[in-house]
Structure formats: structure tokens, C-alpha cells
Amino acid sequence: MSATTATARASRGIATEGRTPEELRELVSHWGAELELAPASDIIEWAAATFGERFCVTSSMGDAVLADLASKVVPGIDVVFLDTGYHFVETIGTRDAVAGTLDVNLITITPVQSVAEQDAEHGKDLYKTDPDLCCALRKVKPLADTLAGYDAWATGLRRAETHNRVIAPVIGWDAKKGKVKVSPLARWTDEQVERYIADNGVLVNPLVYDGYPSIGCAPCTRRVAPGEDARSGRWAGTSKTECGIHS
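Source: prediction; values computed, not measured.

A. Fine view of helix 8 (residues 131–147). Taking 1.5 Å per residue, 17 residues should reach 24 Å; helix 8 reaches 23 Å between its end C-alpha atoms and fits that length. Helix geometry: helix 8 is bent most strongly at Leu 137, by close to 35°. The set of residues buried in helix 8 consists of Cys 134, Cys 135, Arg 138, Lys 139, Pro 142, Leu 143 and Leu 147.

What follows is the structure, given as C-alpha cells:
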């Protein structure tokens, strides 16, 4: 975090001590319905005012829409990126571009084990033999460990992406993590995302324009044919639809 960011946050009188789970659930109960129809920028502003530096944004770097929006509302905000060790080079490039062009504090987190160490313990290519365990080790646990320092986190989750996400609340309670889960873009349509990108010159992972509308780890992501569901390229040929972060 830069000195400028720290000074700006200190000037807002932001508390650094976390709230209890009971207090966090009470906030969700009160504000969930209140903010359901609010603009995304207002939702981010509420979260930043409520949680201060114990609020962060997460990004998979499919695009920088949420990071861009958050940087305008809360300059210097923490943006957490999970480097699984299996990302496309284009995804890493997008992360670097976001860090270099947006007013955010980009934090890259990694699993405890490298890919080679994981192969040695669990066998080569765990993503093939046990994709759920691979996701748990390389995504779910590292993120949960990082979020221990926050009370709330914002995701780019949108209801339009898949039927499984139709009920994703704008302000929800993540019981597994014990955190408030904020989804400022939950109600946004594909057209709204595209318009925001065009109007604001937002960075987009180049793979999006090469047939990858939903981008995960390289070994588990394929191109999507015209007319297919946007997430059909994730874990294709299996019954798996989520990595576990949002379940």
C-alpha cells in the first residue's frame, strides 16, 4: 500500500478493527434490501464507508470493470488477484496492466504450494484427477486466508452469467468465510458491461475477444462456440460449474 493511500484512508478516520460475525450479519440484514436497486458506485461507496480498509475488491482479470469502478469511488482500494500458477499469460498481463494504470493497491496472492510441489504431493495434473481438490488448494483456501484480514469483499459476480447465480444478492452473507459479500455488478446485463467498457476505455483480457468469455485456469478453460453458454468453456466435459469460491 502506498503512503498516499494510507494517508488518504487515515484522513477518513477509518477503523481497522474488525466487526463480529453477529454485527456483520446485522449489516447484511439491514442493508441488503436497502441497496438491492442502488447503482454499483453507491454500493461500493457504502461498503468503503462501512468497512474502511477492511473492505477489498477481488478480480479474476477477465476485465477491469469492477476494479475501474472501485478505483474511481475509492482511490487506492485493495484489489486482490489470485495467481493459481495455471493462468493464461494474457491474464497475468491484464493484472499487470491494471496495476500500472488504475489507482488501486494490487495484491497478488498465491497458494502455499507451487504447482511442482502440489504435483509431488498429489500426483501430476491434479486438475485432471481431482479438480475439486485442485481448486480448493489453489483458489478457495488462499482466498479464504487472505480475506481473514477483511470484513467484506466485492466480487464481479453477475446474475446474467449463469443460472446458478440468478439469486446472487447485491449484499449477502458468506457463511463459509464469515464475511459480507458485496456484488455491485450483480444486476448488470452483458450490454451494460459492454457499454461501461466502451464508455470508459476499460482494460479487457484479450482472450475475451478470442472466444473465451469466461476465463479461468488455462488447463481447465476452452473456447466457447457461438451460441453456447458463456461459462460452458469452464471445466468442459465435467459436471463441475464452480471453483468453490462462490459456493
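B. Quick peek at the nonpolar core. Counting 43 residues, the largest nonpolar core has Phe 51, Phe 55 and Ile 171 as its most contacted members. With seven residues, the top contributor of residues to this core is helix 3 (residues 40–51). Setting aside residues no more than four positions away along its own chain, Ile 171 makes contact with Val 28, Trp 31, Gly 32, Leu 35, Ile 43, Trp 46, Val 180, Lys 181 and Val 182. Within the second largest apolar cluster, nine residues are counted, among which are Cys 56, Ile 109, Tyr 150 and Ile 245.

C. Representation of the sheet that holds strand 3 (residues 104–109). Strand order in this open sheet of six strands is 3-2-1-4-6-5, and the pairing throughout is mixed. Strand pairing shows two members of the sheet lacking a second neighbour, strand 3 and strand 5 (171–174), which therefore form its edges. On average, adjacent strands in this sheet sit at an angle of 30° to one another, irrespective of strand direction. The pairing of strand 2 (residues 77–82) with strand 3 spans six bridges and is classified as parallel. The residue bridging Asp 78 from the neighbouring strand is Asn 105, located in strand 3. Where helix 2 (residues 21–34) meets the sheet, its contacts fall on strand 5 and strand 6 (179–182), and the angle it forms with strand 5 comes to roughly 150°.

D. Structural context of helix 5 (residues 89–101). In a regular helix each residue adds 1.5 Å, so 13 residues correspond to 18 Å; helix 5 covers 18 Å between its end C-alpha atoms and thus fits that length. Every buried residue of helix 5 is accounted for by Thr 91, Ile 92, Thr 94, Arg 95 and Val 98. The buried side chains of helix 5 occupy one side of the element, clustering within an arc of 155° when seen end-on. Turned more than 90 degrees away from the buried face of helix 5, the exposed residues are Val 89, Gly 100 and Thr 101.

E. Just the packing of aromatic side chains, in detail. Scanning the entire structure with this criterion turns up five aromatic pairs. Ring plane angle 90° and centroid distance 5.6 Å describe the contact between Trp 46 and Phe 51, whose orientation is recorded as edge-to-face. Ring geometry for Tyr 86 versus Tyr 127: centroids 5.3 Å apart, planes at 80°, classification edge-to-face. With Tyr 86 in the loop between strand 2 and helix 5 and Tyr 127 in helix 7 (residues 126–129), the pair connects residues that are 41 residues apart, well separated along the chain. Of the aromatic side chains, those joined through ring pairs into one cluster are Trp 31, Trp 46 and Phe 51.

F. Structural view of the side chain of Asp 151. Checked against the element boundaries, Asp 151 lands in the loop between helix 8 and strand 4 (152–154). Asp 151 sits in the buried class, given a relative accessible area of 3%. Within the local environment of Asp 151, its side chain forms a polar contact with the backbone nitrogen of Arg 19, the two atoms lying 3.0 Å apart. Contacts of Asp 151, omitting those with residues within four sequence positions, involve Glu 17, Gly 18, Arg 19, Leu 24, Phe 51, Arg 54, Lys 179 and Val 180.

G. Seen up close, the packing of helix 6 (residues 115–122) against helix 8. Orientation of helix 6 relative to helix 8, taken along the N-to-C sense of each, is 140°, at an axis distance of 12 Å. One finds that helix 6 runs oblique with respect to helix 8. Judged by the twist between their axes, the crossing of helix 6 over helix 8 is right-handed. On helix 8, the residues touching Val 115, Gln 118 and His 122 of helix 6 are Leu 133, Cys 134, Leu 137 and Arg 138. A breakdown of the residues in the contact of helix 6 with helix 8 according to their chemical character gives four nonpolar, two polar and one charged.

H. Examining empty space enclosed by the protein more closely. Taken as a whole and assessed by the stated rule, the structure comprises two cavities of 30 Å³ or more. The calculated volume of the largest cavity comes to roughly 120 Å³. For the largest cavity, the lining is made up of 14 residues, of which Cys 134, Cys 135, Lys 139, Cys 217 and Cys 220 are closest to its centre. Its residues assigned to classes, the lining of the largest cavity shows eight nonpolar, three polar and three charged.

I. Focus on the layout of surface pockets. By volume, the largest pocket is sized at about 1,200 Å³. Around the largest pocket, the lining is made up of 47 residues, and of these Ser 60, Gly 62, Asp 63, Glu 161 and Pro 213 lie nearest the centre. Elements supplying a minimum of two residues to the lining of the largest pocket: helix 4 (65–73), strand 2, helix 8 and helix 9 (190–200). In terms of residues, the lining of the largest pocket owes the most to one element, helix 9, which gives four residues. Grouping the constituent residues of the lining of the largest pocket by class yields 24 nonpolar, 12 polar and 11 charged.

Rules behind the numbers
Residues numbered from 1 in each chain as written. Predicted model: local features only at pLDDT ≥ 70, side-chain atom pairs only at ≥ 80, totals over all residues. Heavy atoms only, no water. Helix = DSSP H or I, 4+ residues; strand = E, 2+ residues; numbered from the N terminus. Expected span 1.5 Å × (residues − 1). Bend = angle between axes of the 7 residues up to and from the residue. Buried < 20%, exposed > 50% of the residue type's maximum accessible area, 1.4 Å probe, protein only. Core = buried A, V, L, I, M, F, W, Y, C linked by side-chain atoms within 4.5 Å. Contact = heavy atoms within 4.5 Å. Pairing = 2+ DSSP bridges. Axes fitted to C-alpha atoms, helices over the stretch in contact; angles between N-to-C directions. Arc of directions from axis to C-beta. Phe/Tyr/Trp six-rings, centres within 6.5 Å; stacked < 30°, edge-to-face > 60°. Polar contact = N/O pair within 3.5 Å; in protein donor to acceptor, adjacent residues only side chain to side chain. Parallel < 35°, antiparallel > 145°, perpendicular 65-115°, else oblique. Left-handed = near helix turned anticlockwise from the far one by under 90°. Nonpolar A, V, L, I, M, F, W, Y, C, P; charged D, E, K, R; others polar. 1 Å grid on protein atoms, 1.4 Å probe; cavity = no way out; pocket = protein on both sides within 12 Å on 5 of 7 lines; lining within 4 Å. Points joined across faces, edges and corners; volume = space filled by probe spheres on them.

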